[in-house]
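# Commentary on secondary and tertiary structure
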Amino acid sequence: MLARSPAAVAHAAAAKQHTPAAPTPPDRPALRTNWQAGVNLTADLTGDFLAPGSDAALRAAKADGSTSVEIVATWYMPSATASAVAADAARTPSDAAVMHAVATAQSLGLQVLLKPQVDVLDGTYRGLISPTNRAAWFASYQTMLIHYATLARQLRVGGLVVGVELGSMVSGPRDTTLWRKMIATVRRLGYKGSLTYAANWDQLHLVGFWRSLDYIGIDAYFPLVPQRHQSAPTIAELVSAWHGSYVAGGPLDWVDEVAQLEHTQHRPVVFTELGYVATACTAAAPYALVPTCPTAADPTVPSQRAQQDAYVAALRVWSRVPFVRGIYWWDWPTDDNQTTDVYSPRGKPAERTIAEWDAARGDLVAGR
């Protein structure tokens, strides 16, 4: 969730040479039958997924029309230079809690993806970690990944996310070799579900192992309007911005950039994360917990309308891109964590948008 690199800007320009113009998005809700209508179920404490509020959150997702859920389990590093990842006894969901959440979701008919990820306790963004001993870090990470791959196999989970936004750890040929070996190990364990990696929006072209996976996963926090924007953009402006976002020296066509990646890697795309906080400037920096527009009159004023409009625009654009197979909204907290979660759409107009579009699943012809 960082500023975009010059190399990524160059890739965006090259994309226009290879991809046709995107179809005009519909003004009404309409999704393909095979669309993965998903949410990210998140926990703050080790037992959150065991609490009644977690079951209620999954039931709410199902009632809104969700068909899939990513169950997030976070391990931690004490600092950016630490050479190991480890479960936190207070915060990492226990295996019993993960198993309960999986069983509950499956009983509701939801497809499940397990999504282990890494956070840094000193606040460093995970995409910038720099372990003192990279070999030791990868060995530790593989232990975590094998643990969840084994759980995924035992629980008959449909998908596993092998990594999340680890840009600094996927950036060279040696890293690529290590990731391919880890992915092969997961397969040798007998796991038959789909595999993906969740790349941050500005790190898509760092990943050298997409073809070892079933899906290209994107945490799609693409900035759509410049921070100098004076007010919350309209839905029409946001739809246009996906095809010509004036940021980082733009205009930048995010649809073409993702299309180029799909074109070269021959893998379908899922948005493993996409979300917006309820503030007027959320479209300028969707990756920020407190997005600000320095010249706006009220940069951080809560705006549920701005959040909802961003949801609508994303669905209008990406529902009509044939190789995009779904969106997993960030995030979907348990009932106990809902009031403090700035990204949550629950109880806000954005949740109504999710329900309206999910109800229209099947109203587009597959492949169109």
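Just so it is clear, the structure is predicted and the values come from calculations on it, not from any experiment.

### Let's talk about the sheet that holds strand β5 (residues 159-164)
Within the closed barrel, the eight strands sit side by side as β2-β3-β4-β5-β6-β7-β8-β9. Their pairing is parallel. Across the sheet, the mean angle from the axis of one strand to that of its neighbour is 25°, orientation sign disregarded. Direction of pairing for strand β4 (residues 111-120) relative to β5: parallel, over a ladder of two bridges. Looking at the pairing, Leu 113 lines up with Gly 159 of β5. Docked against the sheet, helix α3 (residues 95-107) engages β2 (36-42), β3 (68-77) and β4, running at close to 150° with respect to β4. Across the sheet, helix α8 (residues 304-318) touches β8 (269-274) and β9 (324-333), and the angle it forms with β9 is around 160°.

### Let's talk about the layout of surface pockets
One way to see where empty space is left: roll a probe the size of a water molecule over the atoms. The volume enclosed by the largest pocket comes to roughly 900 Å³. Lining the largest pocket are 29 residues, and of these Gln 117, Asp 119, Arg 126, Leu 289 and Trp 330 sit closest to its centre. For the lining of the largest pocket, the secondary-structure elements that each account for two or more residues are β3, β4 and β9. Grouping the amino acids of the lining of the largest pocket by side-chain chemistry returns 14 nonpolar, seven polar and eight charged.

### A closer look at the environment of Asn 133
For Asn 133, the position within the fold is in the loop between β4 and α4 (134-154). Residues Asn 133 and Ala 82, spaced 51 residues apart in sequence, show a C-alpha to C-alpha distance of 7.9 Å.

Rules used throughout
- Residues numbered from 1 in each chain as written.
- Predicted model: local features only at pLDDT ≥ 70, side-chain atom pairs only at ≥ 80, totals over all residues.
- Heavy atoms only, no water.
- Pairing = 2+ DSSP bridges.
- Helix = DSSP H or I, 4+ residues; strand = E, 2+ residues; numbered from the N terminus.
- Axes fitted to C-alpha atoms, helices over the stretch in contact; angles between N-to-C directions.
- Contact = heavy atoms within 4.5 Å.
- 1 Å grid on protein atoms, 1.4 Å probe; cavity = no way out; pocket = protein on both sides within 12 Å on 5 of 7 lines; lining within 4 Å.
- Points joined across faces, edges and corners; volume = space filled by probe spheres on them.
- Nonpolar A, V, L, I, M, F, W, Y, C, P; charged D, E, K, R; others polar.

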